[in-house]
Amino acid sequence: MSKLPTLDLVEVIEQSPLGFRRLVIFFLIFLFITIEGFDTAAIGFLVPSMVKAFQLSSTEVSGLFAAGMGGLLLSSFVGGMLCDVYGRKRVSVISVLIFGVACIGVALSKGYTELMLWRFATGAGIGAALPALSTLCAELTPARSRSTILAIVFSGFLTGSVLAGLVTGAYLHQVGWEGIMLIGGVVPIAMIVLLAAWMPESPRYMALRPQRAAEVPAAMDRLFPGREFTRTDFVSHENPQAGPKARVTELFRGRFAAVTLALWGMNFTVLLSFYTIASWLPSLLNLGGIEPAQASKLASSFQIGALIGSVSTALALRRLRPAVWLGTVFVLGGLTTWGLTAAVGTPWFVPVTLLSGFCVAGPVVGLQAVAASVYPTYMRGAGVDWAATLSRVGSLTGASMVGIMISGGLAMPDIFRLMLVPMLLAAACAWFLQRGMSGPVNMGAGGH
């Protein structure tokens, strides 16, 4: 009996051209993340209409935002573990199904309690889907292209946020807020067929699990049509348990203490500001006498600015020290949040909002690249995970605190102006970060 040829799995994935099949898979992941961005942002554009439908107070609106962010925060903790136990593809499919059904549940809700529960479920589905889809994408991508592909794929989240504003502005009068939420639920459920049919499970994941190793050749055949891997033995020298396990205390050893504190501070303050503005900007416009559909169109300028800013940040961090770029845009971001309230109802509103999105939300993706670049390999996972956790805590805080502050007597324009404070703190953290870094950020490649 002849012995089957043996190939190194990682070597094949790393050295093969991306090819049409992988590019289609990356595009599908981009589409799913776009839908997640749509569902996350849509609630902010729809709140003025939902307030009228359910007679919601500012505190109850904050509760809706907090429920979604709370579900996302909770599920993001377990999403990675579920991927390792059940597989990247399976968790992706189930998570997309959950947030699709939950969006439909929001649309069909008859009371505030139902809204809260379905918003929590929406956040939980999105929080679990994001790590599953990002892990699958990373494991199908060669190291030479990984950071670039991931940055492009995750720009889908901001693209979806832009679409949420534009779709709401265009169709709110025709279909109501319920119709917009139904779109956000039906589309991902319909697309699950594409996810199941086109996306293989990660061969790297299956190769490390003896009970699934026999499935690797078929998965590689799907990734690389025409290569005929069916009668091939694949070996993988990757070991997810290799190397020391970094504890959180190690993130504060030596020069990494300054790096970690700065990263945590930036992720918390920037995401707090981002979700405060993104969630409540349509309501600010509505208070200024602008009807909900038009408010959604105007407020989408913030997400458009964020999308442009994310590309600019990716390019700038290749050439500039993070303190130079991030510190500058965060200061400008703080000033533009101060100017947003003065610009409502004037021709200056869209330009100011575009600049605010560019400076406040644009660097968010870049912060993840910085976190991935400043730590050595053995502690990189812990460093990135903890930075992401602080960003989610900041998101939850920003999404939920406005109603509480309004109940305490602060007007919404004053709350927007207060966002100058966290943005200036973020700028200070950017300069503090430089003590632990020596140059531009490598966003062109990722590690194995």
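Note that the structure is a prediction, hence the values are computed from the model and not measured.

What counts as what
- Every residue gets a number counted from 1 within its own chain, in the order that chain's sequence is written.
- Restriction of local features to residues with pLDDT of at least 70 applies here, the model being predicted, together with a cutoff of 80 or more for giving and counting side-chain atom pairs; totals for whole chains, interfaces and linings are based on all residues.
- As a rule here, side-chain values come from all non-hydrogen atoms in the structure, and water together with hydrogens is ignored.
- Labels follow the DSSP assignment, with helices taken as runs of H or I lasting at least four residues and strands as runs of E lasting at least two, numbered in each case from the N terminus.
- Exposed residues in this analysis have more than 50% of their type's maximum accessible area, buried residues have under 20%, and partly exposed residues fall in between, with area computed by a 1.4 Å probe over protein chains only.
- Throughout, a residue-residue contact means that at least one pair of heavy atoms, one from each residue, lies within 4.5 Å.
- The set of buried Ala, Val, Leu, Ile, Met, Phe, Trp, Tyr and Cys residues whose side-chain atoms join them within 4.5 Å is what this entry labels a nonpolar core.
- The term salt bridge refers to a side-chain nitrogen of Lys or Arg lying within 4 Å of a carboxyl oxygen of Asp or Glu.
- To pair, rings of Phe, Tyr and Trp, with the six-membered ring standing in for Trp, must have centres within 6.5 Å; the planes then decide the type, stacked if under 30 degrees apart, edge-to-face if over 60, and tilted in the middle.
- By this rule, a helix spans an expected 1.5 Å times one less than how many residues it contains.
- Two N or O atoms count as a polar contact when they lie within 3.5 Å, although within protein this holds only if one can serve as hydrogen donor and the other as acceptor, and sequence-adjacent residues are included solely when both atoms are side-chain atoms.
- For every residue, the predictor assigns a confidence score, pLDDT, that lies between 0 and 100.
- Residues counted as positive are Lys and Arg, residues counted as negative are Asp and Glu, and His and the chain ends are not counted.
- We call a pair of cysteine sulfur atoms a disulfide whenever their separation is within 2.5 Å.

(A) A look at the environment of Val61. Mapping Val61 onto the fold places it in helix H3 (residues 58-86). Overall, Val61 belongs to the buried group, its relative accessible area being 3%. When the C-alpha atoms of Val61 and Met116 are compared, they prove to be 9.7 Å apart, with 55 residues separating the residues in sequence. Beyond its immediate stretch of four places on either side in the chain, Val61 contacts Val47, Val51, Leu56 and Trp280.

(B) Representation of the nonpolar core. Judged by nonpolar contacts, the single largest core of 124 residues is most densely connected at Trp177, Met220, Leu263, Met266, Phe274 and Phe330. Leave out the neighbours within four places in its chain, and Met220 touches Leu9, Val12, Ile13, Pro203, Phe229 and Phe234.

(C) The pattern of salt bridges, seen in detail. One pass over the full model with this rule turns up five salt bridges. For Arg204, the salt bridge identified is with Glu14, shortest N-O distance 2.6 Å. Remark: Glu14 occurs in helix H1 (residues 9-15) and Arg204 occurs in helix H7 (residues 203-207); sequence separation between them is 190 residues. Here Glu215 makes a salt bridge to Arg212, at a shortest N to O gap of 3.0 Å. By relative accessible area, which is 35% here, Glu215 ends up partly exposed. It is possible to trace a salt-bridge network through shared partners that takes in Glu201, Arg212 and Glu215.

(D) How the structure looks around the environment of Met419. Structurally, the position occupied by Met419 is in the loop between helix H15 (412-418) and helix H16 (420-433). In this structure the C-alpha to C-alpha distance between Met419 and Val365, which are 54 residues apart in sequence, comes to 20 Å. The contacts of Met419, once residues within four sequence positions are left out, are Leu272, Ser273, Thr276, Ile277, Thr337 and Met401.

(E) Representation of the packing of aromatic side chains within the structure. Applying the stated rule across the entire model yields eight aromatic pairs. Judged by centre distance (5.6 Å) and plane angle (25°), the ring pair of Trp264 and Trp386 falls under stacked. Pair noted here: Trp264 is in helix H9 (residues 256-287) and Trp386 is in helix H14 (residues 377-407), with a separation of 122 residues, a long-range link. Here Trp386 falls in the partly exposed class, since its relative accessible area comes to 36%. Grouped by ring-pair contacts, the aromatic residues Phe252, Trp264 and Trp386 constitute a single cluster.

(F) Molecular detail of helix H10 (residues 292-319). For H10, spanning 28 residues, the distance from its first C-alpha to its last is 41 Å, which sits close to the expected 40 Å at 1.5 Å a residue. Sitting at the head of H10, Glu291 places a side-chain oxygen 3.1 Å from the backbone nitrogen of Ala293.

(G) Highlighting the confidence of the model for the protein. Here the protein averages 84 in pLDDT, while 91% of its residues score no lower than 70. Of all helices and strands in the protein, the one with the weakest mean pLDDT is strand S2 (residues 233-235) (69), whereas helix H12 (residues 349-361) scores best (93). Here residues 241-245 is modelled with pLDDT under 50, and outside its nearest four sequence neighbours on either side it reaches two contacts, counting other chains as well. Note on residues 444-448: pLDDT under 50 across the span, and 15 contacts to partners over four residues away in sequence or across chains.

(H) Main features of the side chain of Arg21. Relative to the helices and strands, Arg21 resides in helix H2 (residues 19-54). This buried residue, Arg21, is left without a salt bridge; Asp221 holds the nearest opposite charge, at 11 Å. Those residues in contact with Arg21 that sit more than four places away from it in its chain are Ala197, Trp198, Arg222, Leu223 and Pro225.

(I) Quick look at the state of the cysteines. Tallying each qualifying case throughout the model produces zero disulfides. Left unpaired, Cys359 is separated from the closest cysteine sulfur, that of Cys429, by 17 Å. Note on Cys359: relative accessible area 1%, which makes it buried. On the basis of relative accessibility, which here comes to 16%, the residue Cys429 falls in the buried class.

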